[in-house]
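# Survey of secondary and tertiary structure
If you want the building blocks of each chain, they are given just below.
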Amino acid sequence: MSGVPILNTPVTLSIAILYLLVCLGIGVWSYGRTKTAADYFITGQTIGLWVVSIAAFSAIMSGFGFVGGPGLTYQFGTSSLWITFAQAVAFPMAWFLLAKRMRLMAEVRNVLSLPDAVAARYRSNGARFWMAVALLFGILGYLGTQVQAMGVVMQTIFGIDLVTGALIGLAILTIYTMMGGILAGVYTDFFQGVIMVFASVAIFLWCMSVGGGMTNISHNVALADPKLIGPFGGMSIMTALTWYFLFAIGNAGQPHMATKLYMTKDIYRLKWGGFISAVAYALCALLWMSLGLTMRSLVQAGQHAPLKNPDLTAVTFLMEYTPEVLAGIVLAGLMAAIMSTGNSFLNLGAAAIVRDIPQAFGKKIENEVFWARIATLGLVVVSTFFALYMKTLVALLGVFGWGTFAAAVVPVVVIGLNWKRGTAAAAMAAIIVGLVANFTLEIMAKYNVYKLPNGAVVGAVATMLAIVVYLAVSIIQKKPGDESDLDPDIKEVLEA
Amino acid sequence: MVKYSGELLLAASLGMLLCVWLNWWVIFPLFMILFFVIYVAMGAERKGKLGPAAPILWVMGIGYLVLFYLLIMLYKANPTGMPKSYFLGFPPATAVLVYGIWLLPLLLGVAYALIFDNWIIKKEDLERLQVHSWKKKEKESISIKG
């Protein structure tokens, strides 16, 4: 069973099955409400403040936050907290830069995806095409990792083998995504987000109780290695700082977050959204921080044997230190984190395949909803194949997912919608440089050909390079005050 | 500042890249904070002015500078030794990370909401955009049934 602990008690099984049934129920409910492409891709703009804010945060909080995050904290102490702490400033920054512009863009144009916005902003199908390509790369990587994580969680809960577990979880995800599109997605995201927050706060309180309070936990961790509880943890200082930069500005560049901003009933619903998303995420970060440190403290105090695999930190703590009900809720929260991110990517991938890439070549697909459902199924098949049979590729794509989105979307969309000097050529150059830099640097690091100096994070450096290219090319190409390449309605959006 | 936002953002990005290669980790936060402030200023700017967003940006920039350099100062005082004291459960430098760098920026979300109605989006913006919205609805009222 590949060393994954099994936690299939009647209580955890009941909670997990109940959770999956609610997700399916939301899919069935949304099916009757999904008639147009706008319904399928951006909910027909029917969403209120709380749903969009919680859905935005839960899309960003993937399975990594519940498994990989505590594992990194167990292994390297506070280093990885720079990733999760960055979200407190990331959501408000994303709102300052994107919320109004994206929502207004949807007001004046028929935009359903990020490449739609790029095509409108730059009057360029080339920029639309490259954006769609960058998104597809990132989406396949992210989906592959979510499939693998789904297999592990289903194995833990149901005691079945990894492949069967992944297939059952995916089948449920696919059914509700195909039926209800993003409408089902945002309502399940909302439901899943509430579970994640509840589970995280409960686990934090439990950790404080088991570990004897934060000071005691910190003291025990310091006895193991004082660096682990220092501000930068066991990794290099530059790793922590570049993580903070990448995750603070990269949030607005994540398409599964950014496209949620199209979806509100009206622009006024966005007012408190950045704050709500940031607070919800901060509550989930409590789990990331407390679980890893508490487990490390227990090991140091001799109350638990050292873990062989840091990724099992969360599951081990749940099995051995929490009541079954809480373990069941947290495991449902973990499934929620995986499924909410997976659903968003399936939807974005379907949009890239049936809408963005064909439109970049001047073709419009008839009956977009039908073909989007087929594309969703196709993406599930391809990503499952990748996840199960091409694990090295998935690991690579998964690692560079966040950085790929940040490098492509931050300069071209986030800065581009707030700076009138950006040009189409600069946008395409930035996307290509971001993609190439991310991929080549990750591959060279993996095969020990070249590593960035001082522990700097590849995604952060690639994003900085893409921003430099975008700004430099635009400044060279276009004089200040030249607005000849902006359509009047887009100019109004940029000036509002 | 807003007039040269592109150039300033470019300078901040190049500064961060330089710090990465030279391992100037003490200087890196300076360029990162400059980047954050210019970045948010781009989003808050209206016709070259920052209005009520200007004091928010000042507080954000100075607040970040104080927190980052307080953290660095405390870290340098005891980089690898056992903590001599704890503040609300953490060694002092880590407490600055947890209670300052993590939690205080949440207030930026409150600031956004506070200036939303009188600065972020105004009635006249929506009235101007209404014209384009009607044109869009005329041109693109296609609904594709699934």
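Rules used in this analysis
Residues numbered from 1 in each chain as written. Chains lettered and ligands numbered in written order. Predicted model: local features only at pLDDT ≥ 70, side-chain atom pairs only at ≥ 80, totals over all residues. Helix = DSSP H or I, 4+ residues; strand = E, 2+ residues; numbered from the N terminus. Rg over C-alpha atoms; globule rule 2.2 N^0.38 Å. Buried ≥ 20, exposed ≤ 12 C-beta atoms within 10 Å, placed from the backbone. Contact = placed C-beta atoms within 7 Å. pLDDT = per-residue confidence, 0-100. Nonpolar A, V, L, I, M, F, W, Y, C, P; charged D, E, K, R; others polar. Core = buried A, V, L, I, M, F, W, Y, C linked by C-beta atoms within 7 Å. Axes fitted to C-alpha atoms, helices over the stretch in contact; angles between N-to-C directions. Parallel < 35°, antiparallel > 145°, perpendicular 65-115°, else oblique. Left-handed = near helix turned anticlockwise from the far one by under 90°. Expected span 1.5 Å × (residues − 1). Bend = angle between axes of the 7 residues up to and from the residue.

### Thoughts on the overall build of chain A
Looking only at helices and strands, chain A features 22 helices and 0 strands. For a compact globule of 496 residues, the expected C-alpha radius of gyration is about 23 Å, and chain A comes in at 22 Å, within 12% of that figure. Taking the principal axes of the C-alpha coordinates as reference, chain A spans close to 70 × 50 × 45 Å. Relative to its 496 residues, chain A shows a buried fraction of 68%. Within chain A, counting contacts between residues at least 6 apart in sequence, those at least 24 apart form 84% of the total.

### Some remarks on the overall build of chain B
Counting secondary structure elements, chain B contains 7 helices and 0 strands. N-terminal to C-terminal, the α/β element order of chain B is α-α-α-α-α-α-α. Pairs at least 24 residues apart make up 51% of the contacts formed inside chain B by residues separated by at least 6 positions.

### A short note on the confidence of the model for chain B
Residues and elements named next belong to chain B. Per-residue pLDDT for chain B has a mean of 90; in total, 90% of the residues score no lower than 70. Throughout residues 141-146 the model reports pLDDT below 50, and contacts reaching past four residues in sequence, or to other chains, amount to 16 contacts. Taken together, the chains of this predicted complex give a pTM of 0.92 and an interface ipTM of 0.93.

### Details of the interface of chain B and chain A
At the interface, 59 residues of chain B touch 69 residues of chain A. For the side of chain B that touches chain A, the elements supplying multiple residues, two or more each, are α1 (5-22), α2 (28-44), α3 (53-77), α4 (92-102), α5 (106-114), α6 (116-120) and α7 (123-139) of chain B. Here the side of chain B that touches chain A is composed, by residue class, of 38 nonpolar, 14 polar and 7 charged.

### What to know about the environment of A:Pro5
Residues and elements named next belong to chain A. Turning to its location among the elements, Pro5 is positioned in the segment before α1 (10-31). According to the C-beta neighbour criterion, Pro5 is partly exposed, with 13 such atoms within 10 Å. The spacing of Pro5 and Gln155 is 150 residues in sequence and 8.3 Å in space, taken between C-alpha atoms. Excluding its chain neighbours within four sequence positions, the residues that come into contact with Pro5 are Thr156, Leu312, Val315, Thr316 and Met319.

### Concerning the nonpolar core
Ranked by internal contacts, the top residues of the largest apolar core, which has 257 residues, are A:Met93, A:Met131, A:Leu331 and A:Ala427. Apart from the residues within four sequence positions on either side, A:Leu331 is in contact with A:Leu7, A:Thr12, A:Ala16, A:Val153, A:Thr156, A:Ile157 and A:Leu318.

### Considerations on the packing of helix α9 (residues 125-158) of chain A against helix α20 (residues 424-446) of chain A
Residue and element names in this part refer to chain A. For the pair α9 and α20, the least separation of the axes is 9 Å and the interaxial angle reads 20 degrees. In terms of their interaxial angle, α9 and α20 are classed as roughly parallel. Considering how the two elements wind past one another, α9 and α20 form a crossing that is left-handed. Residue-level contacts link Gly126, Ala127, Trp130, Met131, Ala134 and Phe137 of α9 to Ala424, Ala427, Met428, Ile431, Ile432 and Leu435 of α20. Class assignment for the residues of the contact of α9 with α20 results in 11 nonpolar, 1 polar and no charged.

### Overview of the environment of A:Asn216
All names here are of chain A. On the secondary structure map, Asn216 appears in helix α11 (residues 214-224). Residue classification places Asn216 among the partly exposed residues on the basis of 16 C-beta atoms within 10 Å. Between the C-alpha atoms of Asn216 and Thr294, which are 78 residues apart in sequence, the distance is 9.4 Å.

### Some remarks on α1(B)
Between its first and last C-alpha, α1(B) extends 26 Å over 18 residues, near the 26 Å set by a 1.5 Å rise per residue. B:Gly6, B:Leu8, B:Leu9, B:Leu10, B:Ala12, B:Ser13, B:Met16, B:Cys19 and B:Val20 are the residues of α1(B) that are buried. Looking at the buried residues of α1(B), the elements they touch are α13 (237-250) and α21 (458-477) of chain A together with α2 of chain B. At the exit of α1(B) stands B:Asn23, carrying a positive phi of roughly 55 degrees.

### Concerning the environment of A:Phe129
Residue and element names in this part refer to chain A. Its place among the elements puts Phe129 in helix α9. Its 20 C-beta neighbours within 10 Å are what place Phe129 among the buried residues. Along the sequence, Phe129 and Glu368 sit 239 residues apart, while their C-alpha atoms lie 18 Å from each other. With near-sequence residues (within four places) excluded, Phe129 lies in contact with Ile357 and Ala360.

### Considering unusual backbone geometry
All names here are of chain A. A positive phi is found at Arg123, a non-glycine position, where the angle reads about 50 degrees. If you trace the backbone, Arg123 turns up in the loop between α8 (114-122) and α9. In the Ramachandran plot, Asn448 falls in the positive-phi region, its phi being about 55 degrees despite a non-glycine side chain. The residue Asn448 is located in the loop between α20 and α21 in this model. According to the C-beta neighbour criterion, Asn448 is exposed, with 7 such atoms within 10 Å.

### As for helix α10 (residues 162-211) of chain A
With 50 residues, α10(A) extends just 32 Å between its outermost C-alpha atoms, more than 12% less than the 74 Å of an ideal straight helix rising 1.5 Å per residue. Of all the bends in α10(A), the largest measures some 120 degrees and sits at A:Gly180.

### A closer look at the packing of helix α15 (residues 273-300) of chain A against α5(B)
At a closest axis distance of 8 Å, the pairing of α15(A) and α5(B) adopts a crossing angle of 160 degrees. With respect to their mutual orientation, α15(A) and α5(B) come out roughly antiparallel. Read as a crossing pair, α15(A) and α5(B) show a hand that is left-handed. Between α15(A) and α5(B), the contacting residues are A:Gly274, A:Phe275, A:Ala278, A:Val279 and A:Ala282 on the first element and B:Leu106, B:Gly109, B:Val110, B:Tyr112 and B:Ala113 on the second. Among the residues making up the contact of α15(A) with α5(B), the classes are represented as 8 nonpolar, 2 polar and no charged.

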